[in-house]
Amino acid sequence: MTVTTLKSLLVRKAESEFRSRKAGMKPSAEYPSLIVRICCPYCGATGRIKRQQLPEPDFTVRCPRCGEAVLVKTNRRGCYRKSASIPVSYSPFDIDRLDDQRARNGRIIDISRRGMAVRSNSLNWSQHYGSGVFLTFLFSLPFVNDVKKIRGEIVRVTEDDGGNMRRAGVKFSNLDEYTDNAIRFFLSLSP
Ligand SMILES: [Zn+2]
């Protein structure tokens, strides 16, 4: 099944139509994400749908293969944030190497599937790296050897440690499935 299979069946208006049938409906539990992976509990068809916003705890889609309505229950643990201390290189440029001359350095101090907090020397955060700026982040997760590359948007920058350091809240954009899986794995490890 491809993305297009389930893509067209965003069943906003069907949600109320099927609300009354929820009691007998088979549920499919998923993590909250803008791209929600669905596996039809009736016929096994799989695919992905794109949501405009993070899904409410429950929503309904109709399976394109068997036509059954599937109640999707989102798993809030997907929002879990894990403390960390991971070296990270970041740049407004599309960098591919940790030692790229155009990169600056900091540490990821917590991470979730949706975003992370990056701590870095305040000199690295000029007014050019404020809210709304997109940066490329390169880092290696513990126990996963390859370098991860993520594009993220700065959502806020706050002072940390008496002003010498800054903490930037970063929201991931276009997180690919491979990287998402690596982060999920990292989050699943005991602290
Ligand atoms: Zn189905």
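Each value, and the rule that gives it
- Residues numbered from 1 in each chain as written.
- Predicted model: local features only at pLDDT ≥ 70, side-chain atom pairs only at ≥ 80, totals over all residues.
- Helix = DSSP H or I, 4+ residues; strand = E, 2+ residues; numbered from the N terminus.
- Buried ≥ 20, exposed ≤ 12 C-beta atoms within 10 Å, placed from the backbone.
- Contact = placed C-beta atoms within 7 Å.
- Pairing = 2+ DSSP bridges.
- Axes fitted to C-alpha atoms, helices over the stretch in contact; angles between N-to-C directions.
- pLDDT = per-residue confidence, 0-100.
- Core = buried A, V, L, I, M, F, W, Y, C linked by C-beta atoms within 7 Å.

Draft legend 1. Summary view of the overall build of the protein. Within the protein, the regular secondary structure consists of three helices and 11 strands. When the elements of the protein are put in sequence order from the N terminus, they spell out α-α-β-β-β-β-β-β-β-β-β-β-β-α. Within the protein, the proportion of its 191 residues that are buried is 23%. Across the protein, every contact between residues at least 6 apart in sequence was considered, and the portion connecting residues at least 24 apart equals 54%.

Draft legend 2. Inspection of the environment of R104 at higher detail. The residue R104 is located in strand β7 (residues 104-111) in this model. Here the alpha-carbon distance between R104 and S120, two residues 16 residues apart in the chain, equals 8.8 Å.

Draft legend 3. Expanded view of the sheet that holds strand β10 (residues 148-160). Spatially, the six strands close up into a barrel ordered β6-β7-β8-β11-β10-β9, and their pairing is antiparallel. For this sheet, the mean inter-axis angle between neighbouring strands, taken without regard to orientation, is 45°. Sheet topology places strand β8 (residues 115-121) next to strand β11 (residues 165-173); seven bridges connect them, and they run antiparallel. The partner of R119 across the bridge, within β11, is R167. Across the face of the sheet, helix α3 (residues 177-188) comes into contact with β6 (82-91), β7 and β10 while running at roughly 55° to β10.

Draft legend 4. Seen up close, the environment of V88. Mapped onto the elements, V88 comes out in strand β6. Sequence spacing of V88 and S140 is 52 residues, and the spatial spacing of their C-alpha atoms is 7.8 Å. Residue contacts for V88: discarding those within four places in its chain leaves G106, R107, I108, V118, F137, L138 and F139.

Draft legend 5. Region of interest: the confidence of the model for the protein. Of the residues in the protein, 71% have a pLDDT of 70 or more, and the chain-wide mean is 76. Across the protein, element-level confidence peaks in strand β9 (residues 134-139) with a mean pLDDT of 94 and bottoms out in helix α1 (residues 3-7) with 36.

Draft legend 6. Local environment of the pairing of β11. Burial along β11 is one-sided: R166, A168, V170 and F172 are buried, and none of M165, R167, G169, K171 and S173, which face the opposite way, are. Where β10 meets β11, nine bridges bridge the pair, whose relative direction is antiparallel. From the neighbouring strand, I154 faces β11, where its bridge partner is V170. Connecting β10 to the next strand, β11, in antiparallel fashion are four residues, including D161 with a positive phi near 55°.

Draft legend 7. How the structure looks around the nonpolar core. Membership of the largest hydrophobic core comes to 19 residues, with the highest contact counts inside it found for V88, Y90, I108, M116, V118 and F137. Looking at this core, the elements with two or more residues in it are β6, β7, β8, β9, β10 and β11. Ranked by residues supplied to this core, first place goes to β9 with four residues. With near-sequence residues (within four places) excluded, F137 lies in contact with V88, Y90, I150 and G152. Core analysis: the second largest hydrophobic core is formed by 10 residues, V36, I49, C63 and V70 among them.

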